[in-house]
Every structure is written in structure tokens, then in C-alpha cells.
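Residue-level structural notes
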Amino acid sequence: MKATVSKTVILSNRDRGFESHPLRQPNLPEQSAISGPKKSVSLVLAGFGHVGKAFFALLQEKLGPLRKRYGLDLSLRAILKSDGGFMPEGSLLEHRIVDLLACQTGGPPLWRAGLTVESALKKIDPGILVECTPSSLQTGEPGLSYIRAALENGWNVVTANKGPLVAAFRSLLNLAREKRLSLMFSGAAAAALPTLDVGLYSLAGAEVCSIEGILNGTSNYVLTRMGEGATFKEALEDAQAKGIAEPNPALDVEGWDTAAKLLLIANSVMGLELTLGDIKVKGITKISPASIEGSKKEGKALKLIGKISRAAGRWSAQVSPVAIKSGHPLFNVDGTNKGITFHTDTMGSVTITGGKSDPRGAAAALLKDIIHTFVSLP
Ligand SMILES: NC(=O)c1ccc[n+]([C@@H]2O[C@H](COP(=O)([O-])OP(=O)(O)OC[C@H]3O[C@@H](n4cnc5c(N)ncnc54)[C@H](OP(=O)(O)O)[C@@H]3O)[C@@H](O)[C@H]2O)c1
């Protein structure tokens, strides 16, 4: 594993040539909202499943506040699914999700069978591609090709999809830098838990010596429910019904989703060059109710922990179920919550916990990255 300096989200907006706006302090009165020129941004959404639909609904909900608070005027110009897409003249946000889905089966002529992400990107003035297609940790596709096409055609990117970054982390970041465009992936790195924001921004200048995290809401939910008496199967079905499990839940419970997030966070925050093959992965599929009960009796909690640390000059990374003691900073992270502890050389240990593990939380992380692409912090 080679150490390099990652500057994923460190590029300032001025470097990228964007207008910047002062960010209003959260609790200031309404008159402090910015009154400067509005920035109009076109969006193309790839993937219209759980996360894509939650993002669409969130945009409709937040459009007014985004204009008022950040001067951002977002226009959703196209939505792409696996077999075609919606691309009207104006913004899709004027439509309702149910009406759009009805179009596909014979409603108003918004649906274009066979429309592809690549062709939509070429027909619309560049803005941001919002990438929410399924994660393939092996090939990165289809998201990898979509992100490359976006960057090649002058589009910034925000993504909830781990696959492309796991498959081609450094080459995608290099491409974004070469094109002076932004590629942000909070949505793929534990979404509503602000792992990258804290690691890159709040801990700037500190050396992150090791990271421990509960990074997968589904596994944590399953372990918590099993601790309450549910079987593994019941708990997993419950997580699927809530829409928090990956389309392929094996990724969650076998530990690969945690490994992918650990990779993205470590490569970004610690400047490493981890690949999935560098991470030892063991999931929770073999955990029995008896072992959870046994940990409880010892005053411990069984958690699926992703960890990266260094010993004798070598990095080691693993994902495995660990019985942690009550004083551990992640001990009380239960249910769909997630948590991460950064151990640093100068700032001590910093832990953040919480963050919604569901499509709306992922959508909110995408929206946050869109805001940060165009709005500079004061
Ligand atoms: N669910 C969560 O809470 C969550 C949280 C964080 C991150 N994520 C990540 O977000 C991404 C989306 O998750 P999801 O739960 O929304 O998945 P999902 O419900 O399965 O939706 C996937 C969407 O992608 C579309 N799609 C599939 N292949 C495509 C292609 N070749 N071109 C264009 N669109 C294609 C599908 O189209 P069709 O409708 O035509 O099949 C569907 O609309 C995944 O990468 C996941 O890892 C999910």
C-alpha cells in the first residue's frame, strides 16, 4: 500500500472556477440569507431506485431553501434508468414521481426508451451528474463509465455509488483534477455520517494514525435486532423492508460494503492506495444469537467493525465482528446508526456517530456535496 496525498475534496471552489457564495450561519436570522446572484445548475440523475427517488423528493422539498440560503437554482434536466430516461424541455422537478413512473407505461411523452446517460450528458449544458446506479465492487459498472463520461464532458459529479471509486479510485480522482472538475462521494462513504467532511476538513493538518468504524447500517441493525431476540433472517428481512439494505444484501452482511467504505475513507483521508484485496473481510452471517448473548453477559457489544491501523510500519485493514467493551466510543452505536473514530497524532481521538442509514440520508449526503461543489465555506 503506497501513501500519497489525496486532495479529493480539498480543491477550493475558486480553483474550480466556480462563483462562491458566503455560507449562512445555521442559526442566523432570515435576513442573513445571501442576496447575491443566483447560480443556475443543471442536474442529470442516473438511477431512479430507492436513492434516486429519495433525491428527487428531497430536491422538490428543498428547492426554495436552496435558492434562498445558498443562491443555488437547481434544475433536474434528465433522469436515467436501465432502459431509458426522462428528458423534457424544462425541469423534471415540476412533475410528480408517480406521474413520471406512469409515463413509462403510456402516459405523457416524457419517457424516452433507450435514452442513455452519455447521450443526455452531451445534450444538456454541463452541471452535475448525480450517480445512483447499483454498486458493483468488481467492475465499478455502470457507474464507472457514467462518471468518466461526465468528467470527460465537463460535468461535475456527486455519487452514492461505491463501485466506481473502489474499482478506480486514483484514476477517477486524477481525471477530475485534470479536468478541474469536482468529484464528491460522501453518499458512498457512509452517506449521512460525515466521515469525509470530518476526516478531510476538521482534521486537516493532523495525521490520522488509525480508523475504526461501524460503517454499515444494515449489519448494525441486524446485530441489534438479534440482541433483542430476532433471528438473523427476520432481522435482515426487516432491514430490507426499510429500504436500508443494499440491492444485494450479501454486500452488507458479508462485510464488503463496510470494506468498500473503509477503503474510500482511508484512501481519501490517509492518502493510501488500498484496494479491496488489501482488506481482510469477515461478515456477520455466522454470528449466532448465543454469541451475541455471550458478549452481553461479559458487558460487551458485538459490532461489525472496519479498522485500519499501522504496526511496525505496515498498514493493516480488516472488517470483522468484534466484541467491544462498554468504554469503547462505538459501544452505544445501535440500530441503523453508524459511527467512526479517527485516532490522530495531534487532536486525540475524534468520534462521530449517528447519521440516517436510509435512502433519504443518502439523498441528503448527495445534496450536501452539491452545495459544497458550488458554495465555499466562509
Ligand atoms: N439504499 C440506500 O440506503 C443506499 C445508501 C447509500 C448508498 N447507496 C448506493 O446508492 C446506489 C443506488 O442504491 P438504490 O438502493 O437506490 O438501488 P436501486 O433501488 O436498486 O436502484 C438502482 C437504480 O439504478 C438503475 N440502473 C440500473 N442499471 C442501470 C444502468 N445501466 N443505467 C442507468 N440506470 C441503471 C435502476 O434502473 P431500473 O429501475 O430500470 O432497474 C434503478 O433505477 C447504490 O450504488 C447503493 O450502493 C444506497
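Calculation criteria
- Residues numbered from 1 in each chain as written.
- Predicted model: local features only at pLDDT ≥ 70, side-chain atom pairs only at ≥ 80, totals over all residues.
- Axes fitted to C-alpha atoms, helices over the stretch in contact; angles between N-to-C directions.
- Helix = DSSP H or I, 4+ residues; strand = E, 2+ residues; numbered from the N terminus.
- Parallel < 35°, antiparallel > 145°, perpendicular 65-115°, else oblique.
- Left-handed = near helix turned anticlockwise from the far one by under 90°.
- Contact = placed C-beta atoms within 7 Å.
- Nonpolar A, V, L, I, M, F, W, Y, C, P; charged D, E, K, R; others polar.
- Pairing = 2+ DSSP bridges.
- Near = placed C-beta within 6 Å.
- Domains from an automatic or database assignment.

Focus on the packing of helix α4 (residues 143-152) against helix α5 (residues 162-178)
The geometry of α4 relative to α5 is characterised by a closest axis approach of 10 Å and an angle of 10° between their N-to-C directions. It follows that α4 is roughly parallel to α5 by the angle criterion. Crossing of α4 against α5: the hand is right-handed. Along the contact surface, α4 presents Gly143, Leu144, Ile147, Arg148 and Leu151, while α5 presents Gly163, Pro164, Ala167, Ala168, Leu172, Leu175 and Ala176. Counted by class, the contact of α4 with α5 contains 9 nonpolar, 2 polar and 1 charged residues.

Thoughts on the pairing of strand β13 (residues 349-354)
Examined bridge by bridge, strand β12 (residues 338-344) and β13 share 6 bridges and lie antiparallel to one another. Bridge pairing links Ile340 to Ile352 in β13. Here β12 folds back onto β13 in antiparallel fashion, the turn holding 4 residues, of which Gly348 has a positive phi close to 70°.

A short note on the site of the ligand
Neighbouring the ligand are 28 residues, the closest being Gly47, Gly49, Val51, Lys81 and Ser82. Within the residue set of the shell around the ligand, elements represented by two or more residues are α1 (50-70) and α12 (359-374). With 3 residues, α1 is the largest single contributor of residues to the shell around the ligand. When grouped by side-chain class, the residues that make up the shell around the ligand number 13 nonpolar, 10 polar and 5 charged. Of the domains in this structure, domain 1 (30-192 + 360-374) and domain 2 (198-355) are the two that each give at least three residues to the shell around the ligand.

Digging into the packing of α1 against α12
Running from N to C, α1 and α12 point in directions that differ by 45°, and their axes come no closer than 8 Å. Taken together, α1 and α12 sit at an angle that is classed as oblique. Relative to α12, α1 is oriented so that their crossing is right-handed. Each of His50, Val51, Ala54, Phe55, Leu58, Lys62 and Tyr70 in α1 lies in contact with α12, whose residues at this interface are Pro359, Arg360, Ala362, Ala363, Ala364, Leu366, Leu367 and Ile371. Its residues placed into classes, the contact of α1 with α12 shows 12 nonpolar, 1 polar and 2 charged.

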